[in-house]
Amino acid sequence: MKRVRVEAYCDGPPHASDEEEPAVVERTMTIDDAGPAVLDLCASCDQALGYWRSLVESGPKPEAAPKRRRGRPKGPALPTYCPICGHESPTRSALGQHTRSRHEKGLLDLDTEE
Ligand SMILES: [Zn+2]
Ligand SMILES: [Zn+2]
């Protein structure tokens, strides 16, 4: 009878010992948009991962609704309502889409029309 033994070694960064550490645990990790990766980790790397995980869990959360106030020059607000039908759009570009799709005119065409 033959038996195949799979030996897992740590996928972590180079270890102090400079040798491959046998993995003791398998973790599935996802970072941002990257797909989940299965990592074999030795005890010390798993501990490090636990540290990162606790940081991530307790750290600041990304803002749900990023405020767009900063970095935008505040000029006089351009009207965002449609001069033809009065439809109000949240932004100038949304208004442009509205005028193009509803009235087949770009904003620029409308602005030059008196
Ligand atoms: Zn390791
Ligand atoms: Zn309109």
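As a reminder, the structure under discussion sits directly above these lines.
Because the structure is a prediction, the values reported are computed rather than measured.

Peer 1: Would you mind going over the overall build of the protein with me for this structure?
Peer 2: Along the protein, the regular secondary structure elements total 3 helices and 2 strands. A buried classification covers 8% of the 114 residues belonging to the protein. Contacts spanning at least 24 positions in sequence make up 18% of the contacts within the protein whose residues lie at least 6 apart.

Peer 1: What's the story with the environment of Q97 in this structure? I'm lost.
Peer 2: By the secondary structure assignment, Q97 is in helix α2 (residues 92–103). Exposure remark for Q97: the 14 C-beta atoms within 10 Å place this residue in the partly exposed category. For the pair Q97 and L107, spaced 10 residues apart in the sequence, the C-alpha separation amounts to 8.4 Å.

Peer 1: Explanation requested: the nonpolar core in the structure shown.
Peer 2: For soluble globular proteins, the rule of thumb is that nonpolar side chains tend to be buried together. Formed by C10, A23, L41, C42 and C45, the largest nonpolar core amounts to 5 residues. With sequence-adjacent residues up to four places away left out, L41 is seen in contact with C10, D11, G12, A23, V25, R27, D46 and L49.

Peer 1: Mind showing me how you'd approach α2 here?
Peer 2: Every α-helical turn comprises 3.6 residues, leaving residues that sit three or four positions apart pointing alike. When the terminal C-alpha atoms of α2 are compared, their 15 Å separation across 12 residues agrees well with the 16 Å that a helix rising 1.5 Å per residue should span. Following α2 by one or two positions, E104 adopts a phi angle in the positive range, close to 55°.

Peer 1: Please clarify how unusual backbone geometry should be interpreted in this entry.
Peer 2: Most peptide bonds take the trans configuration, and most residues that are not glycine carry a negative phi. Phi is positive for D18, which is not a glycine, with a value near 65°. Judged by the 6 C-beta atoms lying within 10 Å of it, D18 falls in the exposed class. Residues other than glycine seldom take positive phi values, yet D32 does so here, at roughly 50°. Along the chain, the position of D32 falls in the loop between β1 (25–29) and β2 (37–41).

Peer 1: How do you make sense of the environment of D46 when you look at a structure like this?
Peer 2: As for its placement among the helices and strands, D46 is situated in helix α1 (residues 43–58). Owing to 19 C-beta atoms within 10 Å, D46 belongs among the partly exposed residues under this scheme. Spatially, the C-alpha atom of D46 lies 7.4 Å from that of V25, the residues being 21 residues apart in sequence.

Peer 1: What should I look at first to understand the environment of S44 in this one?
Peer 2: Assignment of secondary structure puts S44 in helix α1. With 15 C-beta atoms packed within 10 Å, S44 lands in the partly exposed category. In this structure the C-alpha to C-alpha distance between S44 and C10, which are 34 residues apart in sequence, comes to 9.6 Å.

The rules behind each value
Residues numbered from 1 in each chain as written. Chains lettered and ligands numbered in written order. Predicted model: local features only at pLDDT ≥ 70, side-chain atom pairs only at ≥ 80, totals over all residues. Helix = DSSP H or I, 4+ residues; strand = E, 2+ residues; numbered from the N terminus. Buried ≥ 20, exposed ≤ 12 C-beta atoms within 10 Å, placed from the backbone. Contact = placed C-beta atoms within 7 Å. Core = buried A, V, L, I, M, F, W, Y, C linked by C-beta atoms within 7 Å. Expected span 1.5 Å × (residues − 1).

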